[in-house]
Structure formats: structure tokens, C-alpha cells
Amino acid sequence: MFSFVCLSMLLASVGQTASSQPACINPSPQQGEMRVNCWSQSQPLSLAGEWQLHYQSQDNQEHYQGPMAVPGLWRTRRTPLPGMGEGQYRLILHFPQTVSGAALQLPWMSAARRAFITIDGQRTPLLDVGYRQRRAAQADYRHPLLQLPPLSGRVLLEVDVYSNFSLNGGMYGPPVLGDYQLLLRQHQKQKTLATALGTLIFMFALVNLVFWGLRDYGRGFLLLAALGTDISLRILINDSDVLEDFLPRFSVAADTYFGWVLFLGGAALGAAYFRTIYPRIIPRWLCIAAVLFSLIGLTLLFTSPIPVVQSYGEFYRPMVALLALALTLMLVRGYLRGQREVLYSLLSGMVVLVSFMFETLYFHFQARATPFLAYGLGWLVFLMIETWQMSRRFRRSMERAERLSSRNQMLEDIALRDPLTELGNRRAFDQRFEQEVKRHRLRYPGSQGPLLGLALIDLDLFKRINDEHGHDVGDQALQAVAAVLRERVRDEDFAARVGGEEFCLLMPDCGRDSARQTAERLRRYIETLALGSAKGPLSISASIGVAVLLPNMSRHDLLRNADRALYRAKDSGRNRSVCYWEMETEPDRDKEPSA
């Protein structure tokens, strides 16, 4: 019902529009004349049709005088004329009544041009862009609207074109008459639309560049960003007057070179992007062919005259269109073979590839550029879908990487943790020991400042506990000692189980007194531990050896000194702590400690 109402309203509006149209229609120019029967200036008046042309080739070998279709290039006539030459267009307009406030909008041309208007025998110059100097390459690419005097009776409009830079001599589009303010508003509207479209495409390019920065090995993001930048610059430079606001003297040569660079680069970037994203679907030869054709064109662009590049373009455009068609068919084949991830790229790629092929072939056969909306919106849809799809892939890959990192961290923790006591194991101790020694030497290079302490803790007669009370009780004893080492030391200290009943404690940034006090405090806590067993209560004790790192001492020396202090504690009757620096003599390592 809603659709029927909308359709009825649409048909009614069309009927109202049709009934409001003027009763008379202005005929198109024929044989260089046009009768303006009715024109209210509320709508622009296109001067497309047959103009009179007086043509002379640059080498003076060919001449022509007669009707010429506008828009149209000299080389696209049924009987082609050389693209480089001089042409004088003439159109006689008949106005039954005076028209004031009108303006003339000439199409852009890669040539020098000038314009005159003759009313009542008075010839008035309107424009001269590089024509007097005969320098088409240096002529301004754009020009302002041409304000006209009041038009009445017989009016002669003359447009002279001089082309010695490009093969595309002629008029690319029809001149347009219209109210000056109306044409100015339409021009500003088109400029705003092109700017908005180019800016929006560039924003998607920046989004992909940010994704590439977050994941520096994602070449797809970088290629998509480069492709979006290429398209946005093409719209902003070649299809709008935005650049004219900053560079009012932007020349025909500069526009031509920019246009070719962006066109050649866009084709290569597009092929490289699809090859990067779908390497199993898009063969390498297709990407190589597109890049090779583009590199040949770029080489000619910077080493040869523009006519040579344009002649190469007659071969390049159909080849690129065929490659685009082949790429589309390969995406379709990949989807039909079960690779469902290609669906979104296929849908977005179909839009842009069809518009790209249409644009390429249209310019090839008509020698005119399509409006920027013909391909700009297609590229915008493509970039939106591809950016969404790439960001979704990026998010999934980041989630996989996070899961993998978490799993690796878990495995690393398992590899560095003693499963019984939940303290670090020997491997963890060795790593932390090396790190603490390096950090201590960097932080305190001289003899001044805190020291790095090391305590070796060994449970006394632990084998007897296992033999008499069982290994379960022995495990309880180890866990109880580990709990003391976790709870009764500083946060920066590091405890690890390095053997069966052996523990190590690293004490960064401590003095001799604090190292001694910590070792003695731990020994007393261990001494007070009470364990239950089948044979009754069981108490345990530990012997502790303490040493500190001095200048010019290696970590192996520190470990050896702490071990000697531990041996002295064992030899002195166990259940005591001994500091290496307080020992008067070295212990006798060949003598076994007393039971």
C-alpha cells in the first residue's frame, strides 16, 4: 500500500512537471545556426549540436571547413582530422527578445582557446587563454564563467581552439548559456559535491592507513589506502575546481600529467590489492600484467611527448578493461568454488569494475571523460565495503593473536613455575637472577648504594621426612615453606624453588643488615611451622646462606659465596643462617655435615 501511494505521488509529480514545461522547444544548432525561440533563463541552455568549423592542421597539410559536432574531438569525426591544429568554431544565435544577465560556460580543453561575441556588428572579446602566445601546454586549465552583454537579434559566438600539446583537439563538452548566478550556483554545487565525495573517499583511505599502522604487515590496508588516495586526488584535481582555489594558474600540462599518473597508478594499485587479498584466486600474471602496462605508460609519460602517451593509451585502455573483466570472472569462479569470503569483494568489486570498464571504454571511443559521479560513487561503495571487510578481518586476526598470546603466556608461566609450590622454578630463577644483576650494575655502577642480596635456603634432613612420614608430608612441608617465602618478603623480592628441598631468594636494593635480618626472620618462621602426620605433629627447620653482590663480582661468584655460607650453616649444626661476609674461614667442602 505504501509503495502504491509513493508511486502515485511520483507519477503525479511527473505529470505536473510535464504540464509545467514550456510549449515550445529550442532546436539544437544545425549548420552553425540556432534559433532561441523561448528561453526564460530558469534553466541552462546547452549549445550541443552542429557548429561551423574552420580547421587547419598544425603542419598545414589538412584543411576543413564545414559542420562539426559539438561536443566532439577532431580525431573522432567520421573523417578524422589530426588532433593537433587550429580550429575556429562559429555559431549564430537568433534571439527574438533581449536577454540580459546571461553568461557563457565553455568546456575544459587541453588546448589554448579564446572566445568572441558579436552583437549588432560589434565584436567583443570574452576570453584568451594562451591563444595569443600559441602555448597550449602553459594555458590555464580552468577559466571563469564569461559574462555576456545583453543578447538580442542575431548574435555570433566564436570559439577558437589551438592544440599543439595533445591529440585531443576539439571541444570535450558543449558550451552552455545560462543566467550568471544560476550557472555560478550550479558550478559551486558540482564543486561542493566533488569535494565532499573526494574527501569522503580520502577519509576511508586514512582509516586504512591507520589500520596498516596498527598492523604494519597488513599490505592490504596499505594498498587500499593508496588506492583511495589515488581516486580522491583524481576527483579533487581533475573533476573539480578545488585545486584552482589554491593554484589559479594550474596549467593544461599539469592537469594532463596528473591525470595520467593517477589513472595509470590506480589500475596497478587495484590489481595489486586484489592479488594481495586473494592470492589463491587472482593469479600472479594478472597483477604483473597490470603493473607492467602501467609502468610502461609512466615511463613514456616522463620520457616522451604527450601525443606518444595518448597513442599508447589507445592500447592501454582496452587492455586494462580486459584485465578488469578477467579479474571479475576470477572472483566469480572463486565464489562458485566455495570460497565464500570473496562474496563482499565480488559485490563491491562488480560496482567499481563495471564503472571502471565503462569509464575506460567510454573515453576510448568517445574521447570524453565521464562525470566524476559515474566512477566516484562506485569507488566510494567499494572502499566502504572493503574497509569494513578488512577491518573485520583485522579484528578477527587481532582476536586470534590475543588468544595465541594468552596461550603462549600461559605456557610460559607453566614453563617458569614450579607446579607444587607455585613459586618460580630453576629456569625462572636463572632468568631473574641475570636480569637483576644487569639492572643493579646499570643503576649502581660504583661501590656506593644498595646491594643485591641472595639467600640459599635448604630444608634440614628433608630426606628423613620423606622416608619416615611419606612424600605427602614432604610435599606439605615444601608448600608451607613456599607460603612463608611468598608472604614474608618484600614485593620486589623474588623466591624460587631450585631443587628438591632447595629455595633461592633474590633481594634487590638491600644492605647487609637487611639481608641478614630477612634470612633470620624467614628461618624463625620456618622453625615455627607445625605439620600434621600419621605419626603426630612434625616440625621442620632450614639452613640459610646469605651473600651480597660486590663490585667486580660475577653472578657466579655471588651464587658460590651464598652456597659456601649455606654449607657453613649446615656444618655448624643446621637451623641457622650464616652470612658469607661474617665467615672467618672457608668451610671444608670435603667434610660432610654432621647428622
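Structural notes, computed from the coordinates.

The rules behind these values
Residues numbered from 1 in each chain as written. Predicted model: local features only at pLDDT ≥ 70, side-chain atom pairs only at ≥ 80, totals over all residues. Heavy atoms only, no water. Helix = DSSP H or I, 4+ residues; strand = E, 2+ residues; numbered from the N terminus. Buried < 20%, exposed > 50% of the residue type's maximum accessible area, 1.4 Å probe, protein only. Contact = heavy atoms within 4.5 Å. Areas by Shrake-Rupley, 256 points an atom, 1.4 Å probe, with all protein chains shown as cover. Patch = residues over 30% accessible without salt bridge, like charges linked within 9 Å, V, L, I, M, F, W, Y side chains within 5 Å. Salt bridge = Lys/Arg side-chain N within 4 Å of Asp/Glu carboxyl O. Lys, Arg positive; Asp, Glu negative; His and termini not counted. Charge placed at Lys NZ, Arg CZ, Asp CG, Glu CD. Pairing = 2+ DSSP bridges. Axes fitted to C-alpha atoms, helices over the stretch in contact; angles between N-to-C directions. Expected span 1.5 Å × (residues − 1). Phe/Tyr/Trp six-rings, centres within 6.5 Å; stacked < 30°, edge-to-face > 60°. Lys NZ or Arg CZ within 6 Å of the ring centre and 35° of its normal.

## So, the overall build of the protein chain
Helix and strand counts for the protein chain come out as 14 helices and 20 strands. Here the protein chain holds 595 residues, and the buried ones make up 49% of them. The contacts in the protein chain between residues at least 6 apart in sequence include a share of 71% that link residues at least 24 apart. For the protein chain, the exposed area adds up to about 30,300 Å²; of that, 57% sits on carbon and sulfur atoms.

## Comments concerning a positive patch on the surface
A cluster of like positive charges, contributed by Arg395, Arg396, Arg400, Arg403 and Arg407, occupies part of the molecular surface. Within the element layout of this structure, arginine 400 appears in helix H9 (residues 372-416). Look at arginine 400 and you get partly exposed, because its relative accessible area is 46%.

## Description of the environment of leucine 73
Looking at the element boundaries, leucine 73 is found in strand S5 (residues 72-73). Sequence separation between leucine 73 and leucine 167 is 94 residues; the distance between their C-alpha atoms is 9.0 Å.

## What about the sheet that holds strand S10 (residues 146-147)?
Sheet architecture is open: 4 strands sit in the order S2-S13-S7-S10, paired in antiparallel fashion. Of all the strands in the sheet, just strand S2 (45-46) and S10 have a single pairing partner and so form its edges. On top of the sheet, helix H2 (residues 180-214) reaches strand S7 (102-105), S10 and strand S13 (176-179); it is set at about 110 degrees to S13, its chief contact.

## Some remarks on the pattern of salt bridges
A full pass over the atoms with the stated rule returns 25 salt bridges. Residue aspartate 160 is joined to arginine 90 by a salt bridge in which the shortest nitrogen-to-oxygen separation is 3.1 Å. Taken together, the residues span a long stretch of sequence, with aspartate 160 in strand S11 (residues 151-163) and arginine 90 in strand S6 (residues 85-99) at a distance of 70 residues. The class for aspartate 160 is buried, based on a relative accessible area of 1%.

## As for the pairing of strand S9 (residues 122-129)
Taken together, the 6 bridges between strand S8 (residues 112-119) and S9 define a ladder with antiparallel strand orientation. Across the sheet, the residue bridging to isoleucine 119 is glutamine 122, located in S9. Connecting S8 to the antiparallel partner S9 that follows it, the hairpin turn spans 2 residues, and aspartate 120 within it adopts a positive phi of roughly 55 degrees.

## Quick notes on helix H13 (residues 512-527)
Because an α-helix completes one turn every 3.6 residues, residues spaced three or four positions apart along the sequence face the same direction. Compared with an ideal rise of 1.5 Å per residue, which puts 16 residues at 22 Å, H13 spans 23 Å between its outermost C-alpha atoms and is within 8% of the ideal. The complete set of buried residues in H13 reads Ala515, Thr518, Ala519, Glu520, Leu522, Arg523 and Ile526. Where H13 is buried, its residues meet strand S14 (451-459), helix H12 (471-487), strand S16 (502-510), strand S19 (542-548) and strand S20 (577-579).

## Brief notes about the pairing of S13
Here 2 bridges tie S2 to S13, and the two strands are oriented antiparallel to one another. Note on S13: the bridge partner recorded for leucine 45 is leucine 177. Bridging between S7 and S13 involves 4 bridges; their strand directions are antiparallel. Across the sheet, leucine 104 pairs through a bridge with leucine 177, a residue of S13.

## Here's the deal with the packing of aromatic side chains
For the structure on display, the rule yields 13 aromatic pairs. Between phenylalanine 293 and phenylalanine 315, the ring centres sit 5.6 Å apart and the planes meet at 85 degrees, which makes this aromatic pair edge-to-face. Of this pair, phenylalanine 293 sits in helix H6 (residues 284-303) while phenylalanine 315 is found in helix H7 (residues 306-336), placing the two residues 22 residues apart along the sequence. The buried category is assigned to phenylalanine 293, whose relative accessible area is 19%. The rings of Trp260, Phe263, Phe293, Tyr312, Phe315 and Tyr316 are connected pair by pair, giving a single aromatic cluster. We note arginine 77 situated over the ring of tyrosine 64; from NZ or CZ to the ring centre the distance is 4.2 Å.

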